[in-house]
Number of protein chains: 4
Amino acid sequence: MTVTRTVELEGHIIDSGTMGRCFGVVMDLGGEFDVEEFNVGRHKHAETYCRMRVIAEEEEDLRAILHELNQNGATVADPRDATLEAAPDDQVVPVEFYSTTNHPTFVRVDGAWIEVEDPEMDCALVVERTEDGPAAHTKVLNAVDEGDLVVTGETGIRVEPPERPRNGGSSFGFMQGGVSSERPSASLIEEIADEMREVRENDGTVLVVCGPAIVHSGGRDALADLVREGYVDALSAGNGFAVHDLERDLYGTSLGVDTESLEHPRKGHKHHIYTISEIGRVGGIEAAVEEGIVEEGVMYQCIQNDVPYVLAGSIRDDGPLPDTITDAIEAQDAIREQAHEADLVLMLSTLLHSVAVGNCLPSTTKTVCVDINPATVTQLLDRGSAQAIGMVTDIGTFTPMLAEELLEE
Amino acid sequence: MTVTRTVELEGHIIDSGTMGRCFGVVMDLGGEFDVEEFNVGRHKHAETYCRMRVIAEEEEDLRAILHELNQNGATVADPRDATLEAAPDDQVVPVEFYSTTNHPTFVRVDGAWIEVEDPEMDCALVVERTEDGPAAHTKVLNAVDEGDLVVTGETGIRVEPPERPRNGGSSFGFMQGGVSSERPSASLIEEIADEMREVRENDGTVLVVCGPAIVHSGGRDALADLVREGYVDALSAGNGFAVHDLERDLYGTSLGVDTESLEHPRKGHKHHIYTISEIGRVGGIEAAVEEGIVEEGVMYQCIQNDVPYVLAGSIRDDGPLPDTITDAIEAQDAIREQAHEADLVLMLSTLLHSVAVGNCLPSTTKTVCVDINPATVTQLLDRGSAQAIGMVTDIGTFTPMLAEELLEE
Amino acid sequence: MTVTRTVELEGHIIDSGTMGRCFGVVMDLGGEFDVEEFNVGRHKHAETYCRMRVIAEEEEDLRAILHELNQNGATVADPRDATLEAAPDDQVVPVEFYSTTNHPTFVRVDGAWIEVEDPEMDCALVVERTEDGPAAHTKVLNAVDEGDLVVTGETGIRVEPPERPRNGGSSFGFMQGGVSSERPSASLIEEIADEMREVRENDGTVLVVCGPAIVHSGGRDALADLVREGYVDALSAGNGFAVHDLERDLYGTSLGVDTESLEHPRKGHKHHIYTISEIGRVGGIEAAVEEGIVEEGVMYQCIQNDVPYVLAGSIRDDGPLPDTITDAIEAQDAIREQAHEADLVLMLSTLLHSVAVGNCLPSTTKTVCVDINPATVTQLLDRGSAQAIGMVTDIGTFTPMLAEELLEE
Amino acid sequence: MTVTRTVELEGHIIDSGTMGRCFGVVMDLGGEFDVEEFNVGRHKHAETYCRMRVIAEEEEDLRAILHELNQNGATVADPRDATLEAAPDDQVVPVEFYSTTNHPTFVRVDGAWIEVEDPEMDCALVVERTEDGPAAHTKVLNAVDEGDLVVTGETGIRVEPPERPRNGGSSFGFMQGGVSSERPSASLIEEIADEMREVRENDGTVLVVCGPAIVHSGGRDALADLVREGYVDALSAGNGFAVHDLERDLYGTSLGVDTESLEHPRKGHKHHIYTISEIGRVGGIEAAVEEGIVEEGVMYQCIQNDVPYVLAGSIRDDGPLPDTITDAIEAQDAIREQAHEADLVLMLSTLLHSVAVGNCLPSTTKTVCVDINPATVTQLLDRGSAQAIGMVTDIGTFTPMLAEELLEE
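Residues numbered from 1 in each chain as written. Chains lettered and ligands numbered in written order. Predicted model: local features only at pLDDT ≥ 70, side-chain atom pairs only at ≥ 80, totals over all residues. Heavy atoms only, no water.

Chemist: It is not clear to me how the interface of chain B and chain D should be interpreted in this structure. Could you clarify?
Modeler: Much of the literature gives interface size as the accessible area that the parts lose upon coming together. Every contact between the two is made by 52 residues of chain B and, on the other side, 52 residues of chain D. Buried surface at the junction of chain B and chain D, both sides included, amounts to about 4600 Å², of which 59% is carbon and sulfur. In this assembly, chain B and chain D are joined by 2 salt bridges. The salt bridge involving Glu96 of chain B is made with Lys270 of chain D; its shortest N-O contact spans 3.9 Å. Taken together, the links from chain B to chain D amount to 14 residue pairs in polar contact (both at pLDDT 80 or more). Going through the elements one at a time, helix H2 (59-71), helix H7 (265-282), helix H10 (328-341) and helix H11 (351-358) of chain B are the ones with two or more residues in the side of chain B that touches chain D. (Contact = heavy atoms within 4.5 Å. Buried area = accessible area lost by both parts, 1.4 Å probe. Salt bridge = Lys/Arg side-chain N within 4 Å of Asp/Glu carboxyl O. Polar contact = N/O pair within 3.5 Å; in protein donor to acceptor, adjacent residues only side chain to side chain. Helix = DSSP H or I, 4+ residues; strand = E, 2+ residues; numbered from the N terminus.)

This is the structure in structure tokens:
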């Protein structure tokens, strides 16, 4: 005896790979499919429609197949409302809770499809009945409250995976995937600059996620210039980045050492601790800028230009600075807010912070990952933005070239 | 004014990605498509058929599109014989020569489709008229002779890209792609062992491509055991691998140094040179084994068990050994022969030799790439075997575990 | 006009590199030296003594030179008591505070040298007057309280950098430095096993720092066995490691999926969230073990064998588990305690947690860093244990081979 | 019963590490030392002198110790002439042949020290008696002729390892070692540019070793400009580099594709083959330039500016071009000549060719290794130039920035 269910797919599902992935899912998980209707999109702009019956041996197998199909864009035919179940406790989800993708998602409530706010992957999907009718949004596990109406199963959920755009061209294309090692670096930098200009022209938000290597490798001045000139709307980093940036200002000149030359790592470290101590003494970065202790650099430009920043703490930090959020949950919440508001995210030489930001991004947000380690770039791209481009390059040459491209006109 | 041509595709073209790639090629290269017929495969074992018209602005654009479509499995409809043009000179191909993929390929000559022998990528396709009728085979550029009948254009050529197998399961699956870092190492080693056993049972040929790291990292004894026990049918390596292997035998015990402990690299290098000198003195590895100078190790077992080997020279070699083929073309020819005969190829910790072997492999040959550097594994898998698996691991633990799996039963 | 000061060095300072580094420091920082006395150690066991005058242009330059000399083992001659200055505020150090190394350190207080407790790098050195006389210990910046007597300058401080041992041999040697890629993996694993046995025989403490790759790569069972058999005395990890470990138990069998085979990453992630939800529901890992929800794995064995663990939170975590310490400072404090008690530290496939532990280790603690990424191993070894060994290998083959070595006797 | 021998060292042997390494060698190899005389260099410019007796259990052990001491700069006291033994056959060395370092080396013949020409590591040392008296030079194994007088043992040989320069500062310093990841990229590029300017002003020779990534990553035009402007005096590369460079010219514009944009790798490969075919048709690169087939790029500028190049073949090559030397020995000889003439070597993104060049370099030749893979940089620096600097960066941003630094003044 077998169990069966009918699903539908619609859109540019052949060249976007959706159709192939769905056939694959069924076969991989041991099921069968029977295509009941298939209207191919005859030309570039015509969409394809497919309705197929999925057959499995056991109910459990079918459920697993349907979960995967749903996450790949197939919708259970004969739409019914999504199943809602109350969360049994704070931070506890019902057994068959629907785990979200980062694609645009719709839930069927009271017979109508409503769009899920802030799509983010690996969340629960919570439906709230408001005065204006039902609303749906994602909730990370630790935000789930007892009694929250959590969607379970796959019924009544529609996911829209990214589609291959109808015209090629842009680097911010479709699953360009992989990494740029075969691309001319200078022209990729130009494309990134173009994208930043466009976001700025549209009053969008550019979020820059940065690691301390930017300072070591000599990209600090260029990044500070970009902040000053308004190309950066928000900054996400760790305690280490901020301290390295501030230390360059506090000690770069005062000790008579040319900040552009070789640093003595151990000695530098004493400065690192002392910088934290000094910033702590006055109460934080903003106070240090006001008191004239800090007079240049990335953090300085953030303060001067009202660019909001999140400094998230980690167990490898020294100090930390008073500005650093040491609680991981609290820091995640702050990062989540930044991620949701961003139109373009530049991830520069930091795995930890980039993953944290990437976890909160919908697949529709344009993302650029720059790192000298190809494994870092691959790992970030794999997390799932279809509009991401990766670039394996040296942040110490990338940042000045990007700034030159944007500022010297 | 536009130009147009009709192509056909058939097979499991949706879930194998062929159809999607073909639509993508047309759009990326600025063309349009018009699907004239589309019969979807309704269930797992049913094939899909598509006939579509491709439209481009210029003849040249159309040619570029057709070339890419062809390499992805589309065949020009209304089949005519392939166009043949004589090579204008030795090692010179006609302007529009057809550049091969490594997939099974068929050429239409005198109204009949004939299969191309030894499919190999980036070759010319040469048709010969023999007593038994026309034959087609690949020729690398430097093997092309003046007057050879070389196929030009895409007419009359059919390529069969790998299809997703109808049942999942095997690691040697379909474009499993990527790299194994998320896979349990021990179970991957078991699967590789299974595959080696199967090839042996079917009297197939296992080709092992090996780098010197096998010796450094302590995998030499295990590999020698595998050769002795008949799990290795051919060996492809460089001068360095052989010298390191022989050196262990010549000096590992005679100087009273425990070969399993830390080697002193510089001192070792004197042994390296002296080993080459000694083997050279007697005339080669086989002579050294016969004279009792070499009494164990991988090369020893190759000699004792009639396992043919190719040692290809390179500009970074010391010596080299008399057995090493120093001319790159000659070495490539020897490697090509090994590659064409192999049913399973194990590439162990060598980029240079693995690329050389991989260049000659058809996409149907099962291939395993093992290296500690993920970039090496990725680069090798990208070259194109659909039946390849990659494993990022330590050759010094991999080889003993593989030998244990195969030998201790 | 120049300034000058006399320093002394004593010990195996030539072959340990101390003497050479000290000459180098003076020259690099623009100073001059004048060796007043030099008694070379004539043979292996004889120590060398050197007294030299250091000359610089400016007081500030001299101070910089003396700081570096001190950190490399030179002591200011004519010993006077260390200078103590009260911390001006909580988490604020005096301007010229002495920044510690991770080597054994002594402070001169009231005319006597007292040993610094818990040497740890980049800390302040705080002297306390207790009933039993003065005591000295390290304090990280955020632990400094207003009024703490903090050592400033280099006067009255003696550092003992590691010396080259008089007999060679052990891998846990002296600045073996670098990475093991040229070493036979199996014999390195034997040496690590020997060291673990020895620590166990001496009732010492083995601290294992672990990343989630242990679970992915199939090393979980072996590590659980080592915990069960008493080879692991403490465990330091992140939320992710624990969840992956628990998830294998919760879902590895219950869903009928062979945990040893390929996991479906996305689907796996739903399990990941649900595991956190389930463990949270009962209140934590210990409760989950007691209630029989978790019946095997690393965390299970930790609970059953009273092996204390620290799970430190990070901004990339899901959940987290109730056991996870989300505040970075609190987590650091817990890690610091583990680090100070450890006699041998195994760092397995985690950069973040290994750096956090490594930051708290004295240079005398034996340390093993295992990772497939050579950059990770290098970065960890560079932080400064002279008794560290690094191994670039696959944790999925390393862990089973280590367990086999230790358990199958 | 023990055996003993007395050795001497002289120079800046403490801060250059020589003395410490020599003590270490004796202890590591199980010997004892007894320092008979030690005159420390009291100040920066004063040299240190040491005479010590080395004691070992067995003659063989002593020989091993003396070999290592010699290679580290110690000379057997009571100088006697070097021992010479005739090579027993072509490409065969006497048993105890002296294996060279790449440091400046002197041999004692007929009571006089003569300097070895072209010091190169892992060679035999051959003494020739000429009309002008005895001469000594290195010979790689395959150049050794029957009857050549080859030095054996360590007697009568003096090696001068690099010494720490007396003034710090230059990046081309002393064993700066390691890799630049912590250095500001832009300032490193400035220093490299300074060095290139200086070599040019002194009519020295800059050898550039280049890999195909230069072309892929967009650095081709910048490198061509540097050749045109006289900053490159010789070029060493493989067949692949030349073909990629030529292909850009042959197809970059003719097919209407913007060479600066994304290339289609497969399609590009057909061009690759066709480029080789076309260049072959006219007989080589020079002919192609003369016939106007090639009108720009790196190879074009080499031809136009009489910059000699070596293209060394490898087993992974397509074609190859008529200019490519396919025999590894012949190619090595050509590379050796380039290496011996170079005053500054830039190794850009190629492991194979950089190793081949590096093998032939004396330790006194300034070398810069640039690669995006830190393992490549480390491996090259480890081979032994004390005047080498390594830089982990993107060749696609490095090359334009270097050209801008040198050309835009």
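Chemist: Is there a simple way to think about the interface of chain C and chain A in this case?
Modeler: Tallying the contact residues gives 52 residues for chain C and 51 residues for chain A. Both faces combined, the contact of chain C with chain A buries some 4500 Å², and carbon together with sulfur accounts for 59% of it. Put simply, chain C and chain A have 2 salt bridges between them. For the interface between chain C and chain A, the tally reads 14 residue pairs in polar contact (both at pLDDT 80 or more). Among the secondary structure elements, those contributing two or more residues to the side of chain C that touches chain A are helix H2 (59-71), helix H7 (265-282), helix H10 (328-341) and helix H11 (351-359) of chain C. The element best represented in the side of chain C that touches chain A is H7 of chain C, accounting for 9 residues.

Chemist: How should the sheet that holds strand S2 (residues 32-39) of chain D be read in this particular structure?
Modeler: Picture the strands of a sheet paired through backbone hydrogen bonds; they go either parallel or antiparallel. Residue and element names in this part refer to chain D. Taken together, the 4 strands give an open sheet; going across it, the order is S2-S3-S1-S4, and neighbouring strands pair in antiparallel fashion. Lying at the two open borders of the sheet, with one neighbouring strand each, are S2 and strand S4 (75-76). Sheet topology places strand S1 (residues 3-11) next to S4; 2 bridges connect them, and they run antiparallel. Pairing of Val7 across the sheet is with Val76, part of S4. (Pairing = 2+ DSSP bridges.)

Chemist: Would you mind showing me how to read the pattern of salt bridges here?
Modeler: As a working rule, side chains carrying opposite charge can pair if their charged atoms are close by. In total, this model carries 96 salt bridges over all chains according to the counting rule given. The partner of Arg53 of chain B in a salt bridge is Asp34 of chain B, and the shortest N-O contact between them spans 3.4 Å. Placement of Arg53 of chain B in strand S3 (residues 48-56) and of Asp34 of chain B in strand S2 (residues 32-39) is noted, with a sequence separation of 19 residues between them. Residue classification places Asp34 of chain B among the buried positions, given a relative accessible area of 16%. We note a salt bridge from Arg228 of chain C to Glu229 of chain C, for which the minimum N-O separation is 3.0 Å. The class for Arg228 of chain C is partly exposed, based on a relative accessible area of 39%. Judged by relative accessible area, Glu229 of chain C falls into the partly exposed class, the value being 36%. Members of the salt-bridge network, linked through shared partners, are Asp34, Glu36, Glu37, Arg51 and Arg53 of chain A together with Arg42 of chain B. (Buried < 20%, exposed > 50% of the residue type's maximum accessible area, 1.4 Å probe, protein only.)

Chemist: Help me understand the pairing of strand S16 (residues 366-371) of chain A in this model?
Modeler: It is a general feature of regular strands that their side chains alternate between the two faces of the sheet. Residue and element names in this part refer to chain A. By the criterion of burial, S16 is predominantly enclosed, with 5 of the 6 residues buried. Read from strand S15 (residues 344-348) through helix H11 (residues 351-358) to S16, the crossover connection turns out right-handed. Two strands pair when backbone bridges link them, and S16 and strand S17 (residues 388-392) are joined in this way by 5 bridges, in the parallel orientation. Bridged to Thr367 within S17 is Ala388. (Right-handed = clockwise from strand over helix to strand, strands pointing away.)

Chemist: Looking at this model, I keep getting lost on helix H3 (residues 185-201) of chain B. Mind explaining?
Modeler: What sets the pattern is the α-helix's 3.6 residues per turn: residues three or four places apart point alike. Taking 1.5 Å of rise per residue, 17 residues should cover 24 Å, and H3 of chain B covers 24 Å from first to last C-alpha, within 8% of that figure. Every buried residue of H3 of chain B is listed here: Ser185, Ser187, Leu188, Ile189, Ile192, Ala193, Glu195, Met196, Arg197 and Val199 of chain B. Buried residues along H3 of chain B sit against strand S12 (206-210), strand S15 (344-348), strand S16 (366-371), strand S17 (388-392) and helix H13 (395-407) of chain B together with helix H13 (395-407) of chain C. Among the residues trailing H3 of chain B, Asp203 of chain B stands out with phi positive, at a value near 55°. (Expected span 1.5 Å × (residues − 1).)

Chemist: Looking at this structure, I do not really get the packing of aromatic side chains. What am I missing?
Modeler: In this description, an aromatic ring pair is defined by two values, namely the gap between the centres and the angle between the planes. Taken as a whole, this structure holds 10 aromatic pairs over all chains when the rule is applied. Measuring from ring centre to ring centre gives 6.3 Å for Tyr274 of chain A and Phe97 of chain C, while their planes differ by 20°; the resulting arrangement is stacked. Placement of the pair is Tyr274 of chain A in helix H7 (residues 265-282) and Phe97 of chain C in the loop between strand S5 (83-86) and strand S6 (105-109), with the two residues belonging to separate chains. No difference in accessibility class separates Tyr274 of chain A from Phe97 of chain C, as the two residues are buried. When the centroid spacing of 4.3 Å and the interplanar angle of 15° are considered together, the rings of Phe23 of chain B and Phe33 of chain B count as stacked. Of this pair, Phe23 of chain B sits in helix H1 (residues 18-28) while Phe33 of chain B sits in strand S2; the two residues are 10 residues apart in sequence, bridging distant segments of the chain. Note that Lys270 of chain A overlies the ring of Phe97 of chain C, its terminal NZ or CZ placed 5.7 Å from the centroid. (Phe/Tyr/Trp six-rings, centres within 6.5 Å; stacked < 30°, edge-to-face > 60°. Lys NZ or Arg CZ within 6 Å of the ring centre and 35° of its normal.)

Chemist: Where do I start with the sheet that holds S2 of chain B in this structure?
Modeler: Residues and elements named next belong to chain B. Taking strand neighbours across the sheet as the criterion, the 4 strands line up as S2-S3-S1-S4 in an open arrangement whose pairing is antiparallel. The open sheet has two edge strands with one neighbour each: S2 and strand S4 (75-76). Bridge analysis of strand S1 (residues 3-11) against S3 gives 9 bridges, and the strand direction is antiparallel. The residue bridging Leu9 from the neighbouring strand is Cys50, located in S3. Most of the contacts of H2 go to S1, to which it runs at about 5°, and overall it touches S1 and S3. (Axes fitted to C-alpha atoms, helices over the stretch in contact; angles between N-to-C directions.)

Chemist: Would you mind showing me how to read the relation of the copies chain C and chain A here?
Modeler: Relating the two copies of this chain is a rotation about some axis coupled with a shift parallel to it. Turning chain C through 180° and shifting it by 0.0 Å along the axis lays it on chain A, with an RMSD of 0.0 Å. On this basis, the relationship between the two copies can be described by a two-fold rotation axis. If distances are taken from each C-alpha of chain C to the rotation axis, the shortest is found for Asp327 of chain C, at 2.1 Å. Interface overlap between copies: 98% of the residues of chain C at the interface are likewise at the interface in chain A, consistent with a symmetric, same-surface contact. (Least-squares fit on C-alpha atoms with pLDDT ≥ 70 in both.)

Chemist: Whenever I open this one, the relation of the copies chain B and chain D confuses me. Can you help?
Modeler: Superposing chain B onto chain D requires a rotation of 180° together with a translation of 0.0 Å along the rotation axis, leaving an RMSD of 0.0 Å. Interface residue correspondence from chain B to chain D reaches 100%, placing this contact among same-surface, isologous pairings.

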